[in-house]
Amino acid sequence: MAGFDVKRGGARALAVALLGWTLAAAMAAAAKEATPEPAAASAPEDSPSVLRQRLAERLAQKGDSAPVKVATHGGKPEHAGRDTGKKSEAKKADAKEAAAAHRDLHWSYEGVTGPEHWAELNPEFRQCASGQRQSPIDVRDTIKVDLEPIQIDYHPTAFSVVDNGHTVQVNLKPGNAIQVMGRRYELLEFHFHRPSEERINGRQFDMEAHLVHKDAEGHLAVIAVELERGHDQPVVQTVWNNLPLEKNEELAAQVLLDPALLLPQDKSYFTYMGSLTTPPCSEGVLWMVMRQPVEASAQELAIFGKLYPMNARPLQDLSARLIKESN
Ligand SMILES: [Zn+2]
């Protein structure tokens, strides 16, 4: 999932850029309060950041003329090479330093800010590396039981769309809820991944929608819907129709959208306990993965592919977690 967290991450990134570290710390504390946050272990000694530090030191010893910069655990840039004192190189170094500083705030799906490095970008993201109950997973070896049906109470609703730099997210006005395992969760938003993050018996789908819910005590529950190529998907098309032209500009739609139409007819599902699939990778998230995929047209799938060719976190270890499946 990306939306709930992504939105906050984006807003925080902007605030940090403008106001600096003090405010960042305050916002991080607030964010921590808003999410169920189990304690996380410190990073292992052979974590990628330590390995990169060692590599940088080795390169510096070899006498490379360009200063080498690496991100430490805290993400602060640090000189690890010699400074030649030349003006142009100093300029280059400044640019590099600025880029390194930005790395704290911008996570992505590839390269030095990709999933393998999320935990190094910000102390708040440490669970992305140290967590033991992370998402997504390959859903297999399930136990089949009489799972209670999810009580779904969705209605045509006013909405807005934002391209937040990590996905396309649909924010919904209140009034949609699900009830499951004795809790009532309000639907906050839904968003998309390509290709699917969860897999079912090893199968990855063209896309996946995450419908993100929260209960009164702040517990998160996500319904994942797999999308595969086929007929038009009315909700997906409505979202694309209302896509803003600019990133990070939320556009209020002039029509209503019924999130129920995004769900498959067969409401059988798999369920397990996992995490946000985007930083800060907080755990304690109840996942419900719909067993039946929903169709979307080739054109609808292609439109998202133009914006986000790949925004799926790699599979995480199941670590002896139980996965239940509807009979
Ligand atoms: Zn997601």
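A. A look at the overall build of the protein chain. Looking only at helices and strands, one finds eight helices and 17 strands in the protein chain. Across the 327 residues in the protein chain, those meeting the buried criterion constitute 38%. Nonlocal contacts in the protein chain, meaning residues at least 24 apart in sequence, comprise 67% of its contacts between residues at least 6 apart.

B. Representation of the pairing of strand β8 (residues 177–180) in the model. Side-chain alternation along β8 places Ile178 and Val180 on a buried face and Ala177 and Gln179 on a face that remains uncovered. In this structure, strand β5 (residues 151–153) lies alongside β8, joined through three bridges in antiparallel fashion. By the bridge assignment for β8, Ile152 is matched with Ile178. Examined bridge by bridge, β8 and strand β9 (residues 183–193) share four bridges and lie antiparallel to one another. Counted as the bridge partner of Val180 is Arg183 from β9.

C. Seen up close, the nonpolar core. In terms of nonpolar packing, the biggest core is built from 55 residues, with Val222, Val225 and Val289 touching the most fellow members. For this core, the leading source of residues is strand β12 (residues 220–229), giving seven residues.

D. Highlighting the confidence of the model for the protein chain. On average, residues of the protein chain carry a pLDDT of 80, and 68% of them reach 70 or more. Here residues 99–104 is a poorly scored stretch, pLDDT under 50, and it has 12 contacts once near neighbours within four places are set aside; other chains count.

E. Structural detail: unusual backbone geometry. A cis amide bond, omega 5°, links Ser135 with the succeeding residue Pro136. Here the amide bond leading from Pro279 into Pro280 is cis, since omega sits at 10°, within 30 degrees of zero. Tracing the backbone through its elements, the reader meets Pro280 in the loop between β14 (269–275) and β15 (283–290). With a phi angle near 50°, Met181 is a residue other than glycine that sits in the positive phi range. With respect to the helices and strands, Met181 occurs in the loop between β8 and β9. Of note in this structure, Ala320 is not a glycine but carries a positive phi near 60°. Relative to the helices and strands, Ala320 resides in the loop between α8 (298–307) and β17 (324–326).

F. How the structure looks around helix α7 (residues 234–241). Along α7, the residues classified as buried are Val235, Val236 and Val239. The buried residues of α7 all sit within an arc of 100° when viewed along its axis, so they share a single face. Buried residues along α7 sit against β6 (157–163), β7 (168–172), β13 (251–257), β16 (294–296) and α8.

G. Seen up close, the environment of Gln151. As for its placement among the helices and strands, Gln151 is situated in strand β5. Those residues within four positions of Gln151 in sequence are excluded, and the remaining contacts are Ile178, Gln179 and Val180.

H. View of α8. Residues Glu300, Leu301 and Phe304 constitute the buried set of α8. Projected down its long axis, α8 carries its buried residues within an arc of 100°, all on one side. In this structure, α8 carries Ala298, Gln299, Ala302 and Lys306 as exposed residues pointing more than 90 degrees from its buried face. In this structure, the buried residues of α8 make contact with β7, β9, β11 (207–215), β12, α7 and β16.

I. Representation of the pairing of β14 in the model. The buried fraction of β14 amounts to six of the seven residues, a majority that puts the element mostly inside the structure. Of the pairings in the sheet, the one linking β14 to β15 comprises seven bridges and is antiparallel in character. The residue bridging Phe270 from the neighbouring strand is Val289, located in β15.

J. Spotlight on the environment of Asp206. Note that Asp206 resides in the loop between β10 (199–200) and β11. Given 21 C-beta atoms within 10 Å, Asp206 falls into the buried group.

K. Just the environment of Ala253, in detail. You can see Ala253 is positioned in strand β13. Residues Ala253 and Asn241, spaced 12 residues apart in sequence, show a C-alpha to C-alpha distance of 9.1 Å. Once residues within four sequence positions are removed from consideration, Ala253 is found in contact with Phe159, Ser160, Val161 and Asn242.

Calculation rules
Residues numbered from 1 in each chain as written. Predicted model: local features only at pLDDT ≥ 70, side-chain atom pairs only at ≥ 80, totals over all residues. Helix = DSSP H or I, 4+ residues; strand = E, 2+ residues; numbered from the N terminus. Buried ≥ 20, exposed ≤ 12 C-beta atoms within 10 Å, placed from the backbone. Contact = placed C-beta atoms within 7 Å. Pairing = 2+ DSSP bridges. Core = buried A, V, L, I, M, F, W, Y, C linked by C-beta atoms within 7 Å. pLDDT = per-residue confidence, 0-100. Arc of directions from axis to C-beta.

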